[in-house]
Amino acid sequence: MNILSFPDAWLEPLDKGFCVDFLRDIESKLIPKNDEKVSIFPPNNLIFRALDLVCFEDAKVLILGQDPYHGFGQANGLSFSVNKAISIPPSLKNIFLELKNDLDVPISPHGDLTYWAQQKVLLLNSALTVERGKPNSHKKLGWEKLTDKIINQLSDRGNMIFVLWGKSAQKKYTLIDQKHNKILVASHPSPLSAYKGFFGCKHFSKINKILKQKGASEIDWQLK
């Protein structure tokens with residue numbers, strides 16, 4: 001199956017019948033918008049990029065975002081990430097600042113988080129698409145049926161670290177089995193809320209400490 005380039009490796013963990021029905025429904029909602037010349041980000045081939053880069057069995061950490069960046073050329077299919085040629089958004093600048101303060105990792109000159117994904121950090125948004133210039137515009141399109149299912153199934157699998165920054169992400173707390181997973185919570189890294197608990201949360205060192213205690217490889221947070 002190749003509806004909207006959905007990765008085959010996630011069909012069985014999420015239930016193939018569920019995926020077929022969901023993707024048919026979401027595609028019917030997205031295609032009319034594209035026919036109306038509405039710009040939707042990211043491009044179709046990047047919508048499921050987070051799942052393309054991290055398979056269900058290998059995922060170690062999930063960092064949950066709200067929805068993709070809504071500026072032209074920004075969204076690349078990974079939460080909080082932009083391509084190397086794109087200016088670094090304010091929230092990502094604050095993420096890099098916290099990383100510097102936490103682990104003394106040099107602040108990256110670019111915002112492409114692909115290297116984190118390659119180390120099995122699932123950079124997932126709650127909604128996987130957005131209209132140009134309209135943040136959170138696809139909140140009610142139905143994406144959370146899929147992304148909540150992903151969170152649920154990873155929680156049931158266990159041995160995950162869930163990172164919930166901000167109120168939107170923290171609403172997913174109840175979907176997670178706390179006995180068999182770790183949950184890290186802080187305010188959102190946006191300029192409006194970063195000083196209310198994101199700065200100083202030390203989530204990057206905490207993630208590596210948890211991984212080390214489990215005998216798993218730590219994340220190299222310095223981007224390449």
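Residues numbered from 1 in each chain as written. Predicted model: local features only at pLDDT ≥ 70, side-chain atom pairs only at ≥ 80, totals over all residues. Heavy atoms only, no water.

Chemist: I'd like a rundown of the overall build of the chain, residues and numbers included.
Modeler: Looking only at helices and strands, one finds eight helices and six strands in the chain. Element order for the chain, N to C, with α for helix and β for strand: α-α-β-α-β-α-α-β-β-α-β-α-β-α. In terms of overall dimensions, the chain is globule-like: its C-alpha atoms have a radius of gyration of 17 Å, near the 17 Å expected for 224 residues. Judged by the C-alpha coordinates and their principal axes, the chain covers about 45 × 35 × 30 Å. Surface accessibility of the chain: about 10,600 Å² in total, with carbon and sulfur atoms responsible for 50%. Side chains of the chain carry 30 positive and 23 negative charges; the gap between the two charge centres is 7 Å. (Helix = DSSP H or I, 4+ residues; strand = E, 2+ residues; numbered from the N terminus. Rg over C-alpha atoms; globule rule 2.2 N^0.38 Å. Areas by Shrake-Rupley, 256 points an atom, 1.4 Å probe, with all protein chains shown as cover. Lys, Arg positive; Asp, Glu negative; His and termini not counted. Charge placed at Lys NZ, Arg CZ, Asp CG, Glu CD.)

Chemist: Could you give an account of the packing of aromatic side chains, naming the residues involved and the relevant values?
Modeler: Under the criterion given, the structure shown has 14 aromatic pairs. When the centroid spacing of 5.7 Å and the interplanar angle of 85 degrees are considered together, the rings of tryptophan 10 and phenylalanine 56 count as edge-to-face. Here tryptophan 10 is found in the segment before helix 1 (11-14), whereas its partner phenylalanine 56 is found in the loop between helix 3 (49-53) and strand 2 (61-65), with 46 residues between them in sequence. Comparing tryptophan 10 with phenylalanine 56 shows no difference in burial state: the two are buried. Ring geometry for phenylalanine 80 versus tryptophan 165: centroids 5.6 Å apart, planes at 65 degrees, classification edge-to-face. A residue pair is termed long-range when its members are at least 10 positions apart, and phenylalanine 80 in the loop between strand 2 and helix 4 (90-103) and tryptophan 165 in strand 5 (residues 161-165) qualify at 85 residues. The class for phenylalanine 80 is buried, based on a relative accessible area of 9%. Overall, the relative accessible area of 3% leaves tryptophan 165 in the buried class. Ring pairing ties together the aromatic residues Phe80, Trp116, Trp165, Tyr195, Phe198, Phe199, Phe204 and Trp221, which thus form one cluster. Looking at lysine 149, its charged tip hangs above the ring of phenylalanine 18, at a distance of 4.9 Å from the centre. Stacked on the ring of phenylalanine 56, the Lys or Arg arginine 157 has its end atom at 5.9 Å from the ring centre. (Phe/Tyr/Trp six-rings, centres within 6.5 Å; stacked < 30°, edge-to-face > 60°. Buried < 20%, exposed > 50% of the residue type's maximum accessible area, 1.4 Å probe, protein only. Lys NZ or Arg CZ within 6 Å of the ring centre and 35° of its normal.)

Chemist: Requested: an account of the nonpolar core, with residues and values cited.
Modeler: Within the largest apolar cluster, 68 residues are counted, with the highest numbers of intra-cluster contacts made by Phe6, Phe48, Trp116, Leu122, Trp143 and Leu154. Discounting residues that sit within four places of it in the chain, tryptophan 143 has contacts with Phe22, Ile26, Leu30, Ile47, Phe48, Ser126, Ala127, Leu128, Thr129 and His138. (Core = buried A, V, L, I, M, F, W, Y, C linked by side-chain atoms within 4.5 Å. Contact = heavy atoms within 4.5 Å.)

Chemist: Pulling in residues and values, what's your account of helix 4?
Modeler: Spanning 14 residues, helix 4 covers 20 Å between terminal C-alpha atoms, matching the ideal 20 Å at 1.5 Å per step. Within the span of helix 4, buried status applies to Ser91, Leu92, Asn94, Ile95, Phe96, Glu98, Leu99 and Asp102. Positive phi shows up at aspartate 104, right after helix 4, with a value of about 60 degrees. (Expected span 1.5 Å × (residues − 1).)

Chemist: Please provide a residue-by-residue account of the sheet that holds strand 6 (residues 182-186), values included.
Modeler: The strand order 3-2-5-6 describes an open sheet built from four strands, whose pairing is parallel. Both edges of this open sheet fall to strand 3 (121-125) and strand 6, since each of them pairs with a single strand only. When strand polarity is set aside, the average angle formed by the axes of neighbouring strands in this sheet is 20 degrees. Across five bridges, the pairing between strand 5 and strand 6 is parallel. Bridge pairing links leucine 164 to valine 185 in strand 6. Docked against the sheet, helix 6 (residues 143-157) engages strand 2, strand 3 and strand 5, running at close to 150 degrees with respect to strand 3. (Pairing = 2+ DSSP bridges. Axes fitted to C-alpha atoms, helices over the stretch in contact; angles between N-to-C directions.)

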